[in-house]
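This is what each chain is made of:
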Amino acid sequence: MKFHIFALYLSIIIVLIAFMTYNINEYNGNSSELQEIKSQKKNYTIDIPTTINNLISVNNKFIIGCEYKPENFLNDYYLNNKIEDEKIYSINIDTNEYTEIKIENYPKNVPFHPYSLSIIYTKEKKYYLYVLNHAVNYNFEGQERIDKLSLRFESKKISLSYEETIILPEEFFLRIESISVIEEDLIAFTTNSPYEMPRDSDELLNINSKLYYIWNNLLKIISPMIKIKKCFVYLYNKQNKGNEITTIDNSQSSIYSGITYDVNRKLIYAIKHTEKVMNVFEIKNNEIKLINTIPILYVGNNILYDSNEDKIYIGINGRKSDEDSILKKNKKLEEIETFSGYEILDPNNFNINDIMVMKNDKFKWINSAVGIKGKLYMSSIYTKGILVCEK
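Residues numbered from 1 in each chain as written. Predicted model: local features only at pLDDT ≥ 70, side-chain atom pairs only at ≥ 80, totals over all residues. Heavy atoms only, no water.

Notes on the sheet that holds strand E1 (residues 42-46)
Remark on secondary structure: sheet strands pair via backbone hydrogen bonds, oriented parallel or antiparallel.
Stage number 1. Taken in spatial order, the four strands line up as E1-E25-E24-E23 in an open sheet, and their pairing is antiparallel. This sheet does not close on itself; its edge strands, each paired only once, are E1 and strand E23 (366-372). When the angles between neighbouring strand axes are averaged without regard to direction, this sheet yields 25°. (Pairing = 2+ DSSP bridges. Helix = DSSP H or I, 4+ residues; strand = E, 2+ residues; numbered from the N terminus. Axes fitted to C-alpha atoms, helices over the stretch in contact; angles between N-to-C directions.)

Points about the packing of aromatic side chains
Between two aromatic rings, the relevant description is the distance of the centres plus the angle of the planes.
Stage number 1. Using the criterion set out here, one finds 12 aromatic pairs in the structure.
Stage number 2. Taken together, a centroid distance of 5.2 Å and an interplanar angle of 70° make the contact between Tyr-106 and Phe-112 edge-to-face. For the pair Tyr-106 and Phe-112, a shared accessibility class is recorded, and that class is buried.
Stage number 3. Here Tyr-269 and Phe-350 contribute two aromatic rings whose centre-to-centre distance is 5.9 Å and whose plane-to-plane angle is 85°, an arrangement assigned as edge-to-face. On the criterion of sequence distance, the pair formed by Tyr-269 in strand E16 (residues 267-272) and Phe-350 in the loop between strand E21 (339-345) and strand E22 (352-359) is long-range, its members being 81 residues apart.
Stage number 4. Take Tyr-269: its relative accessible area is 0%, and that puts it in the buried class.
Stage number 5. For Phe-350, a relative accessible area of 15% translates into the label buried.
Stage number 6. The rings of Phe-62, Tyr-121, Tyr-127 and Phe-153 are connected pair by pair, giving a single aromatic cluster.
Stage number 7. We note Lys-148 situated over the ring of Tyr-128; from NZ or CZ to the ring centre the distance is 4.4 Å. (Phe/Tyr/Trp six-rings, centres within 6.5 Å; stacked < 30°, edge-to-face > 60°. Buried < 20%, exposed > 50% of the residue type's maximum accessible area, 1.4 Å probe, protein only. Lys NZ or Arg CZ within 6 Å of the ring centre and 35° of its normal.)

Topic: the sheet that holds strand E18 (residues 287-295)
Stage number 1. In space, the four strands of this open sheet follow the order E15-E16-E17-E18, with antiparallel pairing throughout. The two strands at the open ends of the sheet, each matched to only one other strand, are strand E15 (256-262) and E18. Between one strand axis and the next, the sheet turns by 20° as a mean value, whatever way the strands run.
Stage number 2. Here E15 pairs with E16 via five bridges, running antiparallel. Residue pairing in the sheet places Ile-259 in a bridge with Ala-270 of E16.

Some words on the pattern of salt bridges
Stage number 1. Tallied over the entire structure, the rule returns 10 salt bridges.
Stage number 2. Salt-bridge contacts for Lys-148 lead to Glu-184; the nearest nitrogen and oxygen are separated by 2.7 Å. Taken as a pair, Lys-148 in strand E9 (residues 142-154) and Glu-184 in the loop between strand E11 (176-183) and strand E12 (186-191) lie far apart in primary sequence, 36 residues in all.
Stage number 3. The class of Lys-148 is buried, set by a relative accessible area of 7%.
Stage number 4. Note on Glu-184: relative accessible area 31%, which makes it partly exposed.
Stage number 5. Close ionic contact of Asp-262 with Arg-265 constitutes a salt bridge, the shortest N to O distance being 3.0 Å.
Stage number 6. On the accessibility criterion, Asp-262 (0% relative accessible area) is buried.
Stage number 7. Of the residues examined, Arg-265 reaches a relative accessible area of 24% and is grouped as partly exposed.
Stage number 8. One salt-bridge network, held together by shared partners, links Lys-148, Glu-164, Glu-184 and Lys-238. (Salt bridge = Lys/Arg side-chain N within 4 Å of Asp/Glu carboxyl O.)

Notes on the layout of surface pockets
Stage number 1. The computed volume of the largest pocket comes to approximately 1,200 Å³.
Stage number 2. Ile-120, Val-181, Ile-182, Tyr-261 and Val-263 are, among the 47 residues lining the largest pocket, the residues nearest its centre.
Stage number 3. Broken down by secondary-structure element, the contributors of at least two residues to the lining of the largest pocket are strand E2 (52-58), strand E7 (114-121), E11, strand E13 (233-237), strand E14 (245-249), E15, E18 and strand E19 (299-306).
Stage number 4. Class assignment of the residues belonging to the lining of the largest pocket gives a composition of 22 nonpolar, 17 polar and eight charged. (1 Å grid on protein atoms, 1.4 Å probe; cavity = no way out; pocket = protein on both sides within 12 Å on 5 of 7 lines; lining within 4 Å. Points joined across faces, edges and corners; volume = space filled by probe spheres on them. Nonpolar A, V, L, I, M, F, W, Y, C, P; charged D, E, K, R; others polar.)

A few points about the confidence of the model for the chain
Where the model shows low pLDDT, its predicted coordinates should not be examined in detail.
Stage number 1. Residues of the chain with pLDDT of at least 70 account for 68%, and the chain-wide mean is 77.
Stage number 2. Per-residue pLDDT stays below 50 along residues 75-80; that stretch engages in 19 contacts with residues further than four places along the chain or on separate chains.
Stage number 3. Low pLDDT, under 50, characterises residues 201-210; the stretch is placed with 17 contacts to residues that sit more than four places away or in other chains. (pLDDT = per-residue confidence, 0-100. Contact = heavy atoms within 4.5 Å.)

Digging into the nonpolar core
Stage number 1. With 35 residues, the main nonpolar core has Ile-88, Leu-129, Leu-160, Tyr-377 and Ile-386 as its most contacted residues.
Stage number 2. Not counting residues up to four positions away in its chain, the partners in contact with Leu-129 are Ile-56, Ile-88, Leu-117, Ser-118, Ile-119, Asp-147, Lys-148, Leu-149, Leu-151 and Leu-160.
Stage number 3. Membership of the second largest hydrophobic core comes to 21 residues, among which are Leu-132, Leu-168, Tyr-234 and Trp-365. (Core = buried A, V, L, I, M, F, W, Y, C linked by side-chain atoms within 4.5 Å.)

Structural notes on the pairing of strand E3 (residues 62-67)
Stage number 1. The buried fraction of E3 amounts to six of the six residues, a majority that puts the element mostly inside the structure.
Stage number 2. Here E3 shows two buried faces, one formed by Phe-62, Ile-64 and Cys-66 and the other by Ile-63, Gly-65 and Glu-67.
Stage number 3. For E2 and E3, the ladder comprises six bridges, and the chain directions are antiparallel. Opposite Ser-57, over in E3, you have Ile-63 as the bridge partner.
Stage number 4. The hairpin formed by E2 and E3 contains three residues between the paired strands, and Asn-59 there has a positive phi angle of roughly 60°.
Stage number 5. In terms of strand pairing, E3 meets strand E4 (residues 88-92) through five bridges, oriented antiparallel. Bridging from a neighbouring strand, Gly-65 pairs with Tyr-89 of E4.

Shown next, in the form of C-alpha cells:
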C-alpha cells in the first residue's frame, strides 16, 4: 500500500516537472532573447479573401498557396457542420494579382481540403503539383490522399488538371502534416500525431474521446522525459509494392511539422516543431540517413528549400499550447503575445541569412514563408491574405 502511494506521488512529481520542462522548451525563446526586429522593409498585404496554410514558389514567377480553415477540423465543435471544399490560389509575382485555380477533371464527390503542397519538375520538362488532401466530409468519412496534378503555364496564369491519387493507409488518417516530393512517386512526409483520428462521431464526442485527447496531450508533455517515440519522418515509394511506406527517422519528436527537399544537395530538411531544430537527412545510394541536427531560433512550422534562390525559408510562430488555446476558444488570437515571422538559412553552412520576428499585432501567426526576387511572402491560417516584405 505504501509503495502504491509512493508511486502515485512520484508520478505526479514527474508529470509536474515534465510539464514545466515542456513549457520552457516550447516557449519561443525568453524575454531577453525575443526582441522585436524593427524591419526597414516595405510591408503590404495581398488581399486574398481567406487564410492560407502553405506557400511554394513556381518557376520564379508564381506563388501557389492552399486555403486552410482550422475550424473545418475541430471535431469537438464542427462535426455536424457541412465542410465546404477549400481552394488553391496562385499569385503572379510581377503584378501581385491572385487567381483561384480550378482543377480540371478532379473526381466528383471527393472532398478537397489541401493542406500541404510540393512541386516537381521532371526530366520530361513537365511540372507536377502534389497536394496533401485531408479528403474528409463533415462526418469524418473519407481518406488521406496525395493528389498528383499536372501544372501548366497559360499566358500569365497557371492551370491544373488531375492526374492520379495516392491513397494512404488508415493509420495515417488526418495525421500527416507536410509532404515533399523527391522525384515522381517518391515522397517524404511528416506526422503531427501518434495516432489516427477516430472516425465515428459518437466516439469523438463521448467520454472516451475526451480521455483520448487528454492522454494524447499528456504524451506530448512527458515524452521528452521518458523518451516515448511519437511522430516520425516517412518515405512513400510507389515502386516498393507491398511495402510502399517506410520510416526514415525513428528519433523522438512530439510534433514534426514542415519538410522540404534540397534537389541540389540531395538532402531532406524536416522541422521538429517544439524542439526548435531542423533535422538534415542525406540521400545516398538509395539510402536515407540522418546526418545533422541544426538548431533554429524560433518554433518552426512550414519549411521550403528554393533552388532558384538557394535558400531555406522557415515560417516561425508561437507555442503549440497557444494555438491549442485558440482552437479550443479558451483564448482569442489578439490575446496571444508570442512572436512570428521567418528565418532564412544558408544551406551551405546552415547559418541564418536573415530573420524577422514581430508581435502578433498586424499579421498574426505566420506559418509559411517563401522568397522570390527580393520579396518575402508570408501566410497565416489565422490572418487572411498574404503579407509581402520588400527588401
